[in-house]
Amino acid sequence: MIPSEIDWTFVRRHTLIPLACLLVSAAAVVAGHVLKQQQLALNEQLTANQVVVQEDYAALVQRRRIVDRYHRRYQQFAAIGFVGMESRLDWIETLRMSSGELTLPRVSYIIEPQLNAVAPVQSILGGDEISIHVSRLELEMSLVHELDLLRFVDELQQNAPGLIKVDRCELLWQADPQQQLSADINIGANCTLSIYSVITADVPTGGET
């Protein structure tokens, strides 16, 4: 067949649609590939964001647990009078009541002026919003038995406001060593206690009571 005998009209009529379909298919394939790459990149970004969100959530849960734990501890310290202004009237009343309940023959005390305490470990979280104070308590007691001293200190730790630390205790036997223990004075005790209190930012500092 010679070129002059080709019916181009017939050829165009029967090849135009297939060519158009081929071009449309090729464009769809290219568009699909581009869209796939975009979706893959978006999926990677969302996956990375999900990992970050999960890590942030886990860190938030951990911080919440820490806050709850220390909040409960703070409430316990506040309940025993460790957090707040020092109350010397309560201390004196507790000394009198404890010595009376234990029927101690004699108890005398001296509470020194309150001083700022130097914490063994400085907290980077508290800053200037937390201050620790300490008062020294000198006790002189007459005891019937050594256990009276332990009971007396235990009563103070349970009922007196503040956090108590026993710095020293000296015991002196006063009864006749040849005699058995009696209901009279047998032991003299001289003790030094430290009373700690903490002032936080939420504690009103209206003055010492």
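For the structure, check the block above.
Residues numbered from 1 in each chain as written. Predicted model: local features only at pLDDT ≥ 70, side-chain atom pairs only at ≥ 80, totals over all residues. Heavy atoms only, no water.

> A description of the overall build of the protein chain should follow, citing residues and the corresponding values.
Helix and strand counts for the protein chain come out as three helices and five strands. In the protein chain, the succession of α and β elements from N to C terminus is α-α-β-β-β-α-β-β. The buried share of the protein chain, taken over its 209 residues, is 23%. Excluding contacts between residues fewer than 6 apart, the proportion of contacts in the protein chain whose partners are at least 24 apart in sequence is 76%. Surface accessibility of the protein chain: about 15,200 Å² in total, with carbon and sulfur atoms responsible for 60%. (Helix = DSSP H or I, 4+ residues; strand = E, 2+ residues; numbered from the N terminus. Buried < 20%, exposed > 50% of the residue type's maximum accessible area, 1.4 Å probe, protein only. Contact = heavy atoms within 4.5 Å. Areas by Shrake-Rupley, 256 points an atom, 1.4 Å probe, with all protein chains shown as cover.)

> Could you give an account of the pattern of salt bridges, naming the residues involved and the relevant values?
Throughout the structure, instances matching the rule amount to seven salt bridges. For arginine 151, the salt bridge identified is with aspartate 148, shortest N-O distance 3.2 Å. Of the two residues, arginine 151 and aspartate 148 both sit in helix H3 (residues 146-159), three residues apart, roughly one turn of that helix. What makes arginine 151 partly exposed here is its relative accessible area of 42%. (Salt bridge = Lys/Arg side-chain N within 4 Å of Asp/Glu carboxyl O.)

> Let's hear about the nonpolar core: which residues, and what values?
Core analysis: the biggest nonpolar cluster contains 20 residues, and Trp91, Leu137, Leu139, Met141, Phe152 and Leu156 have the highest contact counts within it. If you list the elements that add at least two residues to this core, you get helix H2 (88-101), strand E3 (131-143), H3 and strand E5 (187-199). Among the elements that make up this core, the one with the highest residue count is E5 (five residues). Here phenylalanine 152 is in contact with Leu95, Ser98, Ser99, Leu102, Leu104, Val107, Leu139 and Met141, once residues within four sequence places are set aside. (Core = buried A, V, L, I, M, F, W, Y, C linked by side-chain atoms within 4.5 Å.)

> If you had to explain the packing of H2 against H3 to someone new, which residues and values would you point to?
Two elements in contact, H2 and H3, have axes whose closest approach is 10 Å; the angle formed by their N-to-C orientations is 140 degrees. Classified by the angle between their axes, H2 and H3 sit oblique to one another. In the crossing of H2 with H3, the sense of the turn from one axis to the other is right-handed. Where H2 approaches H3, its residues Trp91, Thr94, Leu95, Ser98, Ser99 and Glu101 are matched on the opposing element by Phe152, Glu155, Leu156 and Asn159. Class assignment for the residues of the contact of H2 with H3 results in four nonpolar, four polar and two charged. (Axes fitted to C-alpha atoms, helices over the stretch in contact; angles between N-to-C directions. Parallel < 35°, antiparallel > 145°, perpendicular 65-115°, else oblique. Left-handed = near helix turned anticlockwise from the far one by under 90°. Nonpolar A, V, L, I, M, F, W, Y, C, P; charged D, E, K, R; others polar.)

> How would you summarise the state of the cysteines if you had to cite specific residues and measurements?
Under the definition given, this model contains one disulfide. Here cysteine 169 engages in a disulfide with cysteine 191; their sulfurs sit 2.0 Å apart. When the S-S torsion is 115 degrees, as for the bridge of cysteine 169 with cysteine 191, the disulfide is right-handed. Of the two residues, cysteine 169 sits in strand E4 (residues 163-173) while cysteine 191 sits in strand E5, which places them 22 residues apart along the sequence. (Disulfide = S-S within 2.5 Å.)

> Give me the lowdown on unusual backbone geometry, citing residues and values where you can.
Even without a glycine there, the phi angle at threonine 103 is positive, about 50 degrees. Summarising the element assignment, threonine 103 is placed in the loop between H2 and strand E1 (106-111).

> Report on the packing of aromatic side chains, specifying residues and quantitative values.
Per the counting criterion, the structure on display carries one aromatic pair. Ring centres of phenylalanine 77 and phenylalanine 82 lie 5.1 Å apart, and the angle between their planes is 70 degrees; on these two criteria the pair is classed as edge-to-face. (Phe/Tyr/Trp six-rings, centres within 6.5 Å; stacked < 30°, edge-to-face > 60°.)

> If you had to explain H3 to someone new, which residues and values would you point to?
Between its first and last C-alpha, H3 extends 21 Å over 14 residues, near the 20 Å set by a 1.5 Å rise per residue. All of the buried residues in H3 are Asp148, Leu149, Phe152, Val153 and Leu156. Down the axis of H3, the smallest arc covering the buried residues is 130 degrees, so these residues share one side. When the buried face of H3 is taken as reference, the exposed residues oriented beyond 90 degrees from it are Leu150 and Gln158. Summarising the contacts, the buried residues of H3 are in contact with H2, E1, E3, E4 and E5. (Expected span 1.5 Å × (residues − 1). Arc of directions from axis to C-beta.)

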